[in-house]
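# Results of the structural survey
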Amino acid sequence: MSDDPGRAKGDPGGELFITPAGRTTVWTDGLLATTDRLAALETTVRDDLGRVRAADACLDGWPVPPEVPDRLRRVAELCADARDAFGRAAENYTFAEGVVERVQRDLGAYLAATLGAAALRMLAAHVLLAPGLVALGALVGWAAIPDTGDGKLETVKRFFLDNPELITDPGFVRWVSHLSTSIDDTVLGVLGLPGWLSLVPRPGSDAAVGAATVALLGAGVGMFRETPVAVERVSTRSGGDAPTGVRERLDRIPEGDQVRIERYEVDGMPPRYVVYIGPTETFSPFADREPWDSTSNVYGVAGLSPGSLRAVEAAMTDAGIRTDDEVVVTGFSQGGLLATMVAASDDWNVVGVETHGAPAGNVPVPDGTAGLAIRHTDDLVPALAGPQLDTTLVQVERRAFDAGAEIPGIQAAPAHQRTAYERTADAIDAAESLAIREQVATLDAFASDYLDRGGSVTEFRYRATREG
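All of these numbers come straight from a predicted model, not from anything done at the bench.

### As for the overall build of the protein
The helix and strand tally for the protein stands at 14 helices and 10 strands. Evaluated residue by residue, the protein yields a buried proportion of 47% over its 468 residues. Of the contacts formed within the protein by residues at least 6 apart in sequence, a portion of 71% connects residues at least 24 apart. Accessible area for the protein stands at about 21500 Å²; split by element, carbon and sulfur atoms hold 57% of it.

Right under this line is the structure:
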């Protein structure tokens, strides 16, 4: 069993890495918890020092031995020095990682722009330009590659299932992240523009521009075409408890019925709502009846208006959510992307967000929003949105399958599976650092506060379909 208190016996995942809200320094949960305890100890010792000095002033004739306040002061100073040392270590680690990441990304952009024309010629020679743009999606869902019946698709499937370590390697995930931010640079090369233009800052995130490019190119052959959506309420149920902890919120995220909304009410207070948004249902790049598809994924990363987002907002309106009602949104995979986009919208009063495995790093969340953005460093799906740019939410990362752990070969993208995020949710609920515990407690209290005061909860479920 690991010494990590948040890691259960038999859990193949690694330790938790945390970036507190509003900061860019990465810490482990254990290191943060240690600095929390040092800070608490320093406060206690300084309080004791103040009491000792007050007693010394009052007890005329019985002075406190001088070594007592000196030792207390020294203990407080040692606590402060240790906290500073841990902080410098975390900052140095983060700085080094950031330099390497920036160099790799700039180099990738330059090479993409320089080699763009050559890549186009190679793809054109194989008459595979459009399918090639979504080949990466086949690693997540095999439907992204058309099955021609010649057995080649099954061969690709079998290869990745037999070698799951290839796409669960953090190095591969970093490559995916670089690729997602270099698509627009490849287009620069195709247009014959100089490679140095790839290093010039452009409006919008690189991943958003790349996703928009994919949508534009794919539309030429019938891929990634958005449609209107219709939303139906499929059930209404009264009663139940509020979720407690990250795992319980994850467990409430629906599959099949894409949206679940809980309305909490108590006398004398405006209603509160918790919105749960499900993951991608089909990975086909050709829009059919299902709006939780690759089209919505691409449009979402591009910052456009995906059908699934319009469906979520229609469900929220049907559930009675008004623009000033407080809302917490949580989602898994595409559902996490949509949750972040709802929070980023000016149309809703989102006070909390919790996402699992979401390709949403390029979506800015308003300052003051509580919550957690949870992802695996060996999960390629979050990497499709490029590097994590938003710092409002507490960022929680860990490796779903630590070095040397056995990786199951029965599912595509094992680090993105719900079971892997369930284990991570359990580890977060067991975490000791205040940065995590405070956010979890805030999201817990949002719903439970009304029920503790004698309130009630009503649950709505929704199913959306594409039209046209």
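### Some thoughts on the nonpolar core
Ranked by size, the top nonpolar core spans 45 residues in total, and within it Ile261, Val275 and Met316 carry the most contacts. The element contributing the most residues to this core is helix H11 (residues 334–344), with 6 residues. Those residues within four positions of Val275 in sequence are excluded, and the remaining contacts are Val259, Arg260, Ile261, Met316, Ile321, Val327, Val328, Val329 and Thr330. Membership of the second largest hydrophobic core comes to 30 residues, among which are Val266, Phe332, Ile374 and Ala435.

### Side note on the environment of Arg375
With respect to the helices, strands and loops of the structure, Arg375 is situated in strand E8 (residues 370–376). On a C-alpha basis, the gap between Arg375 and Thr355 in space is 8.1 Å, while along the polypeptide they are 20 residues apart. Excluding residues within four positions of it along the chain, Arg375 makes contact with Gly357, Pro382, Gln388, Gln395, Val396, Glu397, Arg398 and Tyr421. A distance of 2.7 Å separates a polar atom in the side chain of Arg375 from a polar atom in the side chain of Gln395. Polar contacts involving the side chain of Arg375 include one to the side chain of Glu397, which spans 3.0 Å.

### Observations regarding the environment of Glu265
Relative to the elements of secondary structure, Glu265 occurs in strand E4 (residues 259–265). For Glu265 and Arg453, which are 188 residues apart along the polypeptide, the C-alpha to C-alpha distance reads 9.8 Å. Setting aside anything within four residues of it in sequence, one finds Glu265 in contact with Pro271, Tyr450, Gly455, Ser456 and Thr458. Of note is the side chain of Glu265, whose polar atom sits 3.4 Å from the side chain of Arg263.

### Structural notes on the packing of helix H9 (residues 294–301) against H11
At a minimum axis separation of 10 Å, H9 and H11 run at an interaxial angle of 40°. In terms of their interaxial angle, H9 and H11 are classed as oblique. For H9 against H11, the interelement crossing comes out left-handed. For the pair H9 and H11, contact is made by Ser296, Asn297, Gly300 and Val301 and by Gln334, Leu337 and Met341, respectively. Partitioned by chemical class, the residues of the contact of H9 with H11 number 3 nonpolar, 4 polar and no charged.

### Some points on unusual backbone geometry
In the Ramachandran plot, Phe224 falls in the positive-phi region, its phi being about 50° despite a non-glycine side chain. When you line up the elements, Phe224 lands in the loop between helix H7 (206–219) and strand E3 (229–238). If you check the backbone angles, Ser333 has positive phi at about 60° while not being a glycine. Checked against the element boundaries, Ser333 lands in the loop between strand E6 (326–332) and H11.

### Here we look at the side chain of Thr458
One can find Thr458 in strand E10 (residues 456–466). We classify Thr458 as buried; its relative accessible area is 10%. Apart from the residues within four sequence positions on either side, Thr458 is in contact with Thr236, Arg237, Ser238, Ile261, Glu262, Arg263 and Glu265.

### Quick word on the pairing of E6
A regular strand carries its side chains on alternate faces of the sheet. Among the 7 residues that make up E6, 6 are buried, leaving the element largely enclosed by the rest of the structure. For strand E5 (residues 272–277) and E6, the ladder comprises 6 bridges, and the chain directions are parallel. Across the sheet, residue Arg272 finds its bridge partner in E6, namely Glu326. In terms of strand pairing, E6 meets strand E7 (residues 349–356) through 7 bridges, oriented parallel. Its bridge partner lying in E7, Val327 is registered against Val350. Between the parallel elements E6 and E7, the chain passes through H11 in a crossover that is right-handed.

### Quick word on the packing of aromatic side chains
Within this structure, the stated rule accounts for 1 aromatic pair. Over the ring of Tyr276 we find Arg260, and its NZ or CZ is 5.7 Å from the ring centre.

### Considering the confidence of the model for the protein
Mean pLDDT over the protein stands at 79; residues scoring 70 or higher make up 67%. Within the model, pLDDT remains below 50 along residues 120–147, and this stretch shows 43 contacts once partners closer than five positions in the same chain are excluded.

### Concerning the pattern of salt bridges
Tallying each qualifying case throughout the model produces 24 salt bridges. In this structure, Arg249 engages Glu354 in a salt bridge whose closest nitrogen and oxygen atoms are separated by 3.1 Å. Of this pair, Arg249 sits in helix H8 (residues 246–252) while Glu354 sits in strand E7, placing them 105 residues apart in sequence. The burial state of Arg249 is the same as that of Glu354; both residues are buried. A salt bridge links Asp293 to Arg466; the nearest nitrogen and oxygen atoms lie 3.1 Å apart. Pair noted here: Asp293 is in the loop between E5 and H9 and Arg466 is in strand E10, with a separation of 173 residues, a long-range link.

### Some words on the pairing of E7
In terms of burial, E7 is largely enclosed, as 6 of its 8 residues are buried. As defined by bridge partners, E7 adjoins E8 across 5 bridges and the pair is classed as parallel. Counted as the bridge partner of Glu354 is Leu372 from E8.

What counts and what doesn't
- Residues numbered from 1 in each chain as written.
- Predicted model: local features only at pLDDT ≥ 70, side-chain atom pairs only at ≥ 80, totals over all residues.
- Heavy atoms only, no water.
- Helix = DSSP H or I, 4+ residues; strand = E, 2+ residues; numbered from the N terminus.
- Buried < 20%, exposed > 50% of the residue type's maximum accessible area, 1.4 Å probe, protein only.
- Contact = heavy atoms within 4.5 Å.
- Areas by Shrake-Rupley, 256 points an atom, 1.4 Å probe, with all protein chains shown as cover.
- Core = buried A, V, L, I, M, F, W, Y, C linked by side-chain atoms within 4.5 Å.
- Polar contact = N/O pair within 3.5 Å; in protein donor to acceptor, adjacent residues only side chain to side chain.
- Axes fitted to C-alpha atoms, helices over the stretch in contact; angles between N-to-C directions.
- Parallel < 35°, antiparallel > 145°, perpendicular 65-115°, else oblique.
- Left-handed = near helix turned anticlockwise from the far one by under 90°.
- Nonpolar A, V, L, I, M, F, W, Y, C, P; charged D, E, K, R; others polar.
- Pairing = 2+ DSSP bridges.
- Right-handed = clockwise from strand over helix to strand, strands pointing away.
- Phe/Tyr/Trp six-rings, centres within 6.5 Å; stacked < 30°, edge-to-face > 60°.
- Lys NZ or Arg CZ within 6 Å of the ring centre and 35° of its normal.
- pLDDT = per-residue confidence, 0-100.
- Salt bridge = Lys/Arg side-chain N within 4 Å of Asp/Glu carboxyl O.

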